[in-house]
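Examination of the molecular architecture
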Amino acid sequence: MAADAGSSALQLPCVFSPKSRQYLALCAQDGRLRIWNTDSKTLHQEYVPSAHLSATCTCIAWGPCRTVKEGPRRKKRKSEVDQVEEKADLLAMGTAAGTVLIYSTAKGALHCTLDGGHSGGVNCVQWHPDDSLLYSGSDDTNIIEWDLQTGKMRSKWKADRAAVTSLCVSHDGKLLLSAGQIIKMWDLDTKEVYRKFTGHSTAVTTLRFATTRPPDSNGLYFLSGAAHDRLLSVWQVREDGKDKNSVVSFTLTDEPQHIDLVTSNSKEEAVRLAVVCKDGQLHLFEHFLNGPCKKPLSPLCTVQISDTKDSPVPIPLLAAALRADTRTVLLAYGNHLQPVMERVEINTAERHVCLTRDVQTSLSLSMETTVSKVKTPIVNAKSRVLVPGLPGHQAPVKGTSQGSEKRKKDTDTKEMSIAERLGEIDLSTVSTEKGAPKGTASLQTDNFAVLLVQGLESNDANILNKVFQTRKEMVIKKTVARLPLSAVLPLVEEVSHVPFVPSYRAVLMVRWLKAVLMHHTSYLASLPDLVTQLGVLYHMIESRVKMFHKLTKLHGKLYLLMTQVGISSVELNSECFFLFFFCPPQNWEEEETMKEDEEDQADEEDEDPDSRTESKANGEEDMEHENESEEE
């Protein structure tokens, strides 16, 4: 079903196997092909293409059912030879790199790779009724006919001016529908255009033949759906060639994403249609195709799935398949990584049906394995087995030599408790230097990690204080590196709540915080509510950063002042220092000049009192002369 792919990047390929609907093949966001068994609801096979990250899968199509040779078996009886069941085996996948991968479910491996034909990404693949032929359409506007027996191209032709977004082969294998800017019907024998149909303004993503009647009887119909279009158009292939407009339209709630239909073989037989839209709803239609219909047809029944919570949330439908029973529908819903498959009987008499499902309890992921690969190792009695857990949890603490007895190696040693460790650890006497006396206790880094985890879990201030008193940065870094991820956030919160006042304890807390941010940045960045949990730390950093600009200005002024003092070798008293900082430069110079004049006058008066009287007399005489000149 190549029409499910299209050129939309958000539309992931998902299709049921033909006839029995036993398998569901889909490609998720990770580029892996997963094939689910709809009967057992388990993962049947999983295939990872070699270039699944760079060349993702863009479209999927199941090949015709065939008899598969699965290895040597017993000879069948004559009555069993006639009952050979044909199974879905080959699966074609188009990639964004322009190659087509053929996967075999019987082998569980890649059957062959078809490359070297397309120069752009493959948008659609379609099988011929004969399983040895395959057609692919690409962004390079070309259609290629592949021969699977040789793995090479049989023919290649330009289909449209735009990219080929959808393909469909008729049931008799004589006609091919392709969609680019317009819909074209090709004669596969001559590779020439048989008809053209125009009516869609966007890229056509779905093409399906609705009837099996020949085109010369005015009874051949096909339907098409386009991106961002909420209508499915039905076209009639007329013998006289007057088939420019669609004859029937089906109304949808969103653009079609997955389509399954039961074709009509005669005028008395209705076409049954199941359409899964992009919004996750399923629409069921049933209509007799016999000429044009003026009004758009509404769905016979609309199905939607929601969860069982107090405030229901819709669960998107991925694909749907019609069964032989008119009331039974096979549904696939949930997530592409792990879908839920269910057969549901729907009462089509109701226009809207809402199904409530608990997806969490319905999910059951179980791989089908015949031989277990888990083996129990043979362990020697003298060997030591390391079990997973906190690093260094079994490491003993080296105590003081005074009053301690030597433990025998043959006897079983009992692990010391946390209280005993704290009793023997005295961080005030711990010396990490080389010349330390032999009687001092030496605390190991792995024990620091164990004690820190114990203190954070029990919220014991005594344990935390003893651990936080370490001064060596290397010990702090190794301790933080050995912490489990569950203890990182409690440690950051414990360090953040300490008031960072100027003290030696604040310096130690900053070292611990720096080590945590350096070693566990990726884990902290993955927490969604980290900002609310570390609000205290953010507020403290913001308040300190605001003062940094002012301190930088003060540092610059002091540096400039000390440089000037060093150059001029002038001693400034405290009063000049104050005036320099808090008075404008111009006022400061004027006051200095006035003050110097007053001091010079005072010095002159103190030196010669007679000169003072003379100057006064001279001053009076000058004033008199000035007055006289003004009067004149």
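Note that the structure is predicted; figures quoted are calculated from it, not measured. (Residues numbered from 1 in each chain as written. Predicted model: local features only at pLDDT ≥ 70, side-chain atom pairs only at ≥ 80, totals over all residues. Heavy atoms only, no water.)

**Quick notes on the sheet that holds strand β16 (residues 192-197)**
- Judged by pairing direction, the sheet is antiparallel, and its four strands sit side by side in the order β13-β14-β15-β16 without closing on themselves. Two strands in the sheet have a free side with no partner beyond their single neighbour: β13 (166-169) and β16. Taking each pair of neighbouring strands and ignoring which way they run, the sheet shows an average axis angle of 20 degrees.
- Two strands pair when backbone bridges link them, and strand β15 (residues 183-187) and β16 are joined in this way by five bridges, in the antiparallel orientation. Bridge pairing links I183 to F197 in β16. (Pairing = 2+ DSSP bridges. Helix = DSSP H or I, 4+ residues; strand = E, 2+ residues; numbered from the N terminus. Axes fitted to C-alpha atoms, helices over the stretch in contact; angles between N-to-C directions.)

**Overview of empty space enclosed by the protein**
- The full count for this structure, using the stated rule, is three cavities of 30 Å³ or more.
- Looking at the largest cavity, its volume works out to about 70 Å³.
- Lining the largest cavity we find A210, L223, V234, F250, V271, L273, F285, E286, H287 and L289.
- Across the lining of the largest cavity, the residue classes break down as eight nonpolar, one polar and one charged. (1 Å grid on protein atoms, 1.4 Å probe; cavity = no way out; pocket = protein on both sides within 12 Å on 5 of 7 lines; lining within 4 Å. Points joined across faces, edges and corners; volume = space filled by probe spheres on them. Nonpolar A, V, L, I, M, F, W, Y, C, P; charged D, E, K, R; others polar.)

**Quick word on the pattern of salt bridges**
- Under the definition given, this model contains eight salt bridges.
- For E46, the salt bridge identified is with R34, shortest N-O distance 3.4 Å. Here E46 is found in strand β4 (residues 42-47), whereas its partner R34 is found in strand β3 (residues 33-37), with 12 residues between them in sequence.
- Taking the shortest distance from any N to any O, the salt bridge between E342 and R357 comes out at 3.0 Å. Taken together, the positions of E342 in strand β28 (residues 339-345) and R357 in the loop between β29 (352-356) and α2 (359-362) put the pair 15 residues apart, joining distant regions of the chain.
- You can call E342 buried: its relative accessible area is 18%. (Salt bridge = Lys/Arg side-chain N within 4 Å of Asp/Glu carboxyl O. Buried < 20%, exposed > 50% of the residue type's maximum accessible area, 1.4 Å probe, protein only.)

**A closer look at the confidence of the model for the protein chain**
- Looking at the protein chain as a whole, the pLDDT averages 75, with 68% of positions reaching at least 70.
- Counting interchain partners and residues more than four positions distant, the pLDDT-below-50 stretch residues 387-413 has 32 contacts.
- Every residue in residues 611-632 is under pLDDT 50, and counting partners more than four places away or in other chains gives one contact. (pLDDT = per-residue confidence, 0-100. Contact = heavy atoms within 4.5 Å.)

**Description of a nonpolar patch on the surface**
- On the surface, a cluster of nonpolar side chains totalling about 360 Å² of accessible area is made up of M547, L551, L554 and L558.
- Mapping L551 onto the fold places it in helix α11 (residues 535-568).
- According to the relative accessible area criterion, L551 is exposed, its value standing at 52%. (Patch = residues over 30% accessible without salt bridge, like charges linked within 9 Å, V, L, I, M, F, W, Y side chains within 5 Å. Areas by Shrake-Rupley, 256 points an atom, 1.4 Å probe, with all protein chains shown as cover.)

**Observations regarding the packing of aromatic side chains**
- Tallied over the entire structure, the rule returns nine aromatic pairs.
- Their ring planes at 55 degrees and their centres at 4.9 Å tell us that F250 and F285 sit as a pair that is tilted. Placement of the pair is F250 in strand β20 (residues 248-251) and F285 in strand β23 (residues 282-287), with a sequence separation of 35 residues.
- Looking at F250, the relative accessible area reads 5%, which means it is buried.
- The positively charged end of R195 is found above the aromatic ring belonging to Y194, 4.5 Å away from the centroid. (Phe/Tyr/Trp six-rings, centres within 6.5 Å; stacked < 30°, edge-to-face > 60°. Lys NZ or Arg CZ within 6 Å of the ring centre and 35° of its normal.)

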